[in-house]
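Understanding the architecture of this molecule
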Amino acid sequence: MTQPKPAVAKYMSWITLGLMTTSSVASLRASPTMAVYGLACVFLYLIPALLFLLPTAFVAAELASGWAGGVYKWVGEGISQPAGFLAVWCQFAMTIFYYPSLLAYVASTFAYIIDPSLAANGTYVAIVIITIYWVAVYVSSQGTKTVAGLSSMGLIIGTLIPGVLLVALGFVFLGQGNPSAAPMDFEHLFPAWTGLASLVLIVNNFLSYAGMEMNAVHVSALKDPGREYPKAMALAVGLVLLIFIVPALVISWVVPAENLSLTAGVMQAFDGFFHHFHIGWLTPVLGVMLVAAALGGMLTWLAGPSKGLLLIGRQEGYLPPILTRLNKHGVQQNMLVAQGIVTTLLALLYAFIPDVSSAYWMLSVITTQVYLIMYVLMFVAAIRLRRNRADHPRGYRAPALVALCGLGTASSVAAFLIGFVPPSQYGSGNAFGYFLIVGLGMGVVGLLIPYLFLRLRKPGWKLATPEEALA
């Protein structure tokens, strides 16, 4: 009798993991934010990569290889369950601010298809954000999967093709003897020091690298995690830095910093290049590609971050039943609607703040502030788990974990504090108003709301069994 062959374990190559990490982290959307600094953007991207990206990647890998369940499980086991809820809430809540800033980018990009002057019109941007978000909520609430393919193509359609084209046009532009709009000499390698505000833009780069903890769950799929994971991260870091830095430099060559829009900067550069090379008809084509990729990613991710919060809210009773109720398609529709109400209010910032770039920047900073709370909790939990649960099996052990966590925590706290200082490019110049909006946005959504949920929760909010939480 022939014995059945044992199942062969399927492993992921370190190259695959590196490319997966790149596709989920890298984007052209952040390029205009750093292009205003010209050559200094190299420095401003490298610093957070060393201080934040690497600690996050290696610490999250150890946690993911030892405790399944994501950040709630890590922080819940390492600190406490309420702290775990706060961590997963911050991971969810940052999307409340992320979607308005993403859709502001979509609105400004779409403006170049119909009328470029609309890119700086706050009322137009607000209307687009509100309209697209609620359409997306309706589509997601139907449980449709027809848009899932758009996300998988997002890296190619919305990042790689436009990115390569942008860089190629930039080098041809300089090769023709045209001067760069930003100085490219050694003296401009570091940002000019004009006080603390001159370095504030570095805070946004922390969010640019966020998401490494989500990809760390795949560390156990590597054949030799201890040897292959560092190689995967080295590949990802190199590719991410290339995708972030080179397009930002190219944009600075063609669009002067004083004219650069933080939402429409990518299209400003393409529009400038296309008109220079007399192929202006390509501007709307690129606009459609960028918009399609951004919308595809948004539709796919809209219900995603709330699913983890939904499961925990039902199992542990952290959320009222009205938010955790599912519709007939099995989608947490009420939670999406509640998120949409807040998104609508945030979108109105674009209508009431004269400078669209200023509104975009404030929402980006609030997003970072909320997310940084989660990272600090993650680093603290990792140290406690290494000390108190040293014998717990792990597929990967990060080298110098305590030092990595210390570096990551210090960097996160520093970025958090700097985030309250308006950047030198902030349009309105009202420092107190900036501090108030950022502080209130972060405090209410990131701290007050989860505190109220914990304080006011009732026994009836908790379902009887974990299986019922999935029903």
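The following refers to the structure shown. A quick note: this is a predicted structure, and the numbers were derived from the prediction, not measured.

Regarding helix α3 (residues 41-66)
With 26 residues, α3 should cover 38 Å at 1.5 Å per step; its first-to-last C-alpha distance of 37 Å lies within 8% of that length. At Ala 49, α3 shows its strongest bend, of approximately 45°. Burial of α3 is extensive: 19 of the 26 residues sit out of reach of the surface.

Here's the deal with a nonpolar patch on the surface
A surface patch of nonpolar side chains, amounting to about 760 Å² of accessible area, comprises Phe 432, Leu 436, Leu 440, Val 444, Leu 448, Tyr 451, Leu 452 and Leu 456. For Leu 452, a relative accessible area of 37% gives the class partly exposed.

Structural notes on the pattern of salt bridges
Counted under the stated rule, the structure contains five salt bridges. Between Arg 386 and Glu 62 there is a salt bridge; the shortest N-O distance is 2.6 Å. With Arg 386 in helix α17 (residues 356-388) and Glu 62 in helix α3, the pair connects residues that are 324 residues apart, well separated along the chain. What makes Glu 62 buried here is its relative accessible area of 3%. The closest approach of N and O atoms between Glu 62 and Arg 394, which form a salt bridge, is 3.0 Å. Taken as a pair, Glu 62 in helix α3 and Arg 394 in the loop between α17 and α18 (401-418) lie far apart in primary sequence, 332 residues in all. For the pair Glu 62 and Arg 394, one class covers both residues: buried. Here the salt bridges do not stand alone but share partners, grouping Glu 62, Arg 386 and Arg 394 into one network.

Quick look at the environment of Leu 385
Considering the arrangement of structural elements, one finds Leu 385 in helix α17. Leu 385 gets classed as buried once you look at its relative accessible area, which sits at 2%. Residues Leu 385 and Gly 78 lie 307 residues apart in sequence; the distance between their C-alpha atoms is 5.2 Å. Among all residues touching Leu 385, those that are not within four sequence positions of it are Leu 63, Trp 67, Trp 74, Glu 77, Gly 78, Ala 390 and Arg 394.

Quick look at the side chain of Thr 343
Secondary-structure assignment places Thr 343 in helix α16 (residues 333-352). Residue Thr 343 is classed as buried on the basis of its relative accessible area, which comes to 2%. Here Gln 339 takes part through its backbone oxygen, which lies 2.9 Å from a polar atom of the side chain of Thr 343.

Definitions and limits used
- Residues numbered from 1 in each chain as written.
- Predicted model: local features only at pLDDT ≥ 70, side-chain atom pairs only at ≥ 80, totals over all residues.
- Heavy atoms only, no water.
- Helix = DSSP H or I, 4+ residues; strand = E, 2+ residues; numbered from the N terminus.
- Expected span 1.5 Å × (residues − 1).
- Bend = angle between axes of the 7 residues up to and from the residue.
- Buried < 20%, exposed > 50% of the residue type's maximum accessible area, 1.4 Å probe, protein only.
- Patch = residues over 30% accessible without salt bridge, like charges linked within 9 Å, V, L, I, M, F, W, Y side chains within 5 Å.
- Areas by Shrake-Rupley, 256 points an atom, 1.4 Å probe, with all protein chains shown as cover.
- Salt bridge = Lys/Arg side-chain N within 4 Å of Asp/Glu carboxyl O.
- Contact = heavy atoms within 4.5 Å.
- Polar contact = N/O pair within 3.5 Å; in protein donor to acceptor, adjacent residues only side chain to side chain.

All we've got here are geometric facts, nothing functional implied.
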